[in-house]
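Summary of structural features
One letter stands for each residue in the lines below.
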Amino acid sequence: MSKYLLIESRDPFSTNDVYYLFSLAEKLKKHENDVSIFLIQNGVFSARKTAKLELVSKLCSQNVSVLVDDFSLKERGILPNNIVPGVIVSSLDFILDSLANKDKVLWH
Amino acid sequence: MENQENLKKTITFVLMDPPYENARSTSALRLISLAVKRGFNVNVFAYEGAVSLAFLHQKQHGNSIHGRSLEEEDHPNTKDWITAIMQDAKQRGSLIDWIQCGFCVDERGVFEWDIPGMRRGSPADLAKFVEVSDNVLVIPTK
């Protein structure tokens, strides 16, 4: 079992690639890996409740940790009460911790 | 305590994006700055457009559309952010090694930078960084 951190910086309305990354997270989890997704920059748009996407809630239900960068939320005026339940508001420290722990970290 | 533990860990960041085109530049510098503050040994390999992040002749400008003077606009230049990170590292006694890919510098003509501690290198240096690092984060361009 390996630990993966997938960093998603893009929003799903601009590119379909986001769906592929989320699908990758799902598949890695099914193969019994420890998987986290960190949403940063426009990637945080996926985590809005009002976006009416099921991408994030589906991953949360599959025990994939989904985190969002607090700075990116503030830049975009997204309030914590508009985040999909289960998503964790976090910071860049999480990325550094993953790197320090020698997790497999991928920036998309 | 954490800084002492992190001093033993080395992280390499690989950057590609030029300044002002994408939020990735800001995120990258945020991460590098935080890594320095937390006591990691940091390597940065800047190539492609990222070699322009440190270009000496970046200049601020005002904003005539919104009626702001040069001083009021206080438009940020990435070279100043990098200078601040390098100074912070020096004050903290943290190690940061920033290499500009020479091929990419030459083809873009951005030969000049005035940031102590920054040096010209090549892809061979990236290979060395990878070998000595606990982890590597590549922030790819689109």
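Please read these numbers as outputs of a predicted model, since none were measured by experiment. (Residues numbered from 1 in each chain as written. Chains lettered and ligands numbered in written order. Predicted model: local features only at pLDDT ≥ 70, side-chain atom pairs only at ≥ 80, totals over all residues. Heavy atoms only, no water.)

**Regarding the nonpolar core**
Inclusion rule: We call a set of buried Ala, Val, Leu, Ile, Met, Phe, Trp, Tyr and Cys residues a nonpolar core when their side-chain atoms join them within 4.5 Å. Three labels apply to residues, based on accessible area from a 1.4 Å probe with only protein chains included: buried if under 20% of the type maximum, exposed if over 50%, partly exposed otherwise in between. Per the convention used, a helix needs a DSSP run of H or I reaching at least four residues, while a strand needs a run of E reaching at least two, with both numbered from the N terminus.
Among the nonpolar cores identified, the biggest contains 39 residues, and B:Phe13, B:Leu15, B:Ile32, B:Trp98 and B:Leu137 are the most heavily contacted of them. For this core, the element with the most residues is helix H2 (residues 23-37) of chain B, which contributes seven residues. Grouped together as the second largest cluster of nonpolar side chains are 25 residues, A:Val18, A:Ala47, A:Leu73 and A:Val87 included.

**Brief notes about the sheet that holds strand S5 (residues 104-107) of chain A**
Residue and element names in this part refer to chain A. Which entries qualify depends on this criterion: For two strands to pair, DSSP has to find at least two bridges joining them. Between N-to-C directions, angles cover 0 to 180 degrees, with each direction set by a line fitted to C-alpha atoms, over the stretch in contact for helices.
If you trace the five strands from one edge of the open sheet to the other, you get S4-S3-S2-S1-S5, paired in parallel fashion. In this open sheet, the two strands that pair with only one neighbour each are strand S4 (88-90) and S5. Geometrically, the sheet is characterised by an average inter-axis angle of 25° between neighbouring strands, direction not taken into account. Sheet topology note: the strand S3 (residues 65-69)/S4 ladder contains three bridges and is parallel. Each residue of the ladder has a partner; that of Leu67, found in S4, is Ile88.

**Concerning the pattern of salt bridges**
Spelled out, the test is: Salt bridges, as used here, are contacts in which a Lys or Arg side-chain nitrogen is within 4 Å of a carboxyl oxygen on Asp or Glu.
Under the criterion given, the structure shown has 16 salt bridges over all chains. Of the charged contacts, one joins B:Arg38 and A:Asp97 as a salt bridge, the two residues approaching to 2.5 Å between their closest N and O atoms. Here the residue B:Arg38 occupies a position in the loop between H2 and strand S2 (41-46), and A:Asp97 occupies one in helix H4 (residues 92-100), the pair thus bridging two chains. Relative accessible area serves as the criterion here: at 8%, B:Arg38 is assigned to the buried category.

**What to know about the packing of aromatic side chains**
For clarity, the threshold we go by: The aromatic pairing rule takes the rings of Phe, Tyr and Trp, using the six-membered ring of Trp, and pairs them if the centres are within 6.5 Å, calling planes under 30 degrees apart stacked, those over 60 edge-to-face and the rest tilted.
Under the definition given, this model contains two aromatic pairs over all chains. Taking the centre distance of 6.3 Å and the plane angle of 15° together, the rings of A:Phe38 and A:Phe94 count as stacked. Linking A:Phe38 in strand S2 (residues 34-39) with A:Phe94 in helix H4, this pair joins segments that are 56 residues apart in sequence. Accessibility expressed as a relative area gives 0% for A:Phe38, which makes it buried. Ring centres of B:Phe45 and B:Tyr47 lie 5.8 Å apart, and the angle between their planes is 40°; this geometry places the pair in the tilted category.

**Concerning the interface of chain A and chain B**
Selection criterion: Whether two residues are in contact is decided by their heavy atoms, any of which lying within 4.5 Å being enough. Take the accessible area each of two parts loses on contact, using a 1.4 Å probe, and add the two losses: that sum is the buried area. As a working rule, the residues Ala, Val, Leu, Ile, Met, Phe, Trp, Tyr, Cys and Pro are called nonpolar, Asp, Glu, Lys and Arg charged, and the rest polar, with Gly in that last group.
On the chain B side, the residues contacting the 18 residues of chain A number 22 residues. Summed over both partners, the interface of chain A with chain B comes to about 1,800 Å²; 62% of that surface belongs to carbon and sulfur atoms. Ranking the residues of chain A by area buried against chain B places A:Leu96, A:Leu99 and A:Trp107 at the top, with a combined share of 37%. For B:Arg30, the salt bridge identified is with A:Asp69, shortest N-O distance 3.0 Å. Of all elements in the fold, only H4 and S5 of chain A reach the threshold of two or more residues within the side of chain A that touches chain B. A per-element tally of the side of chain A that touches chain B places H4(A) first, with eight residues. Here the side of chain A that touches chain B is composed, by residue class, of ten nonpolar, two polar and six charged.

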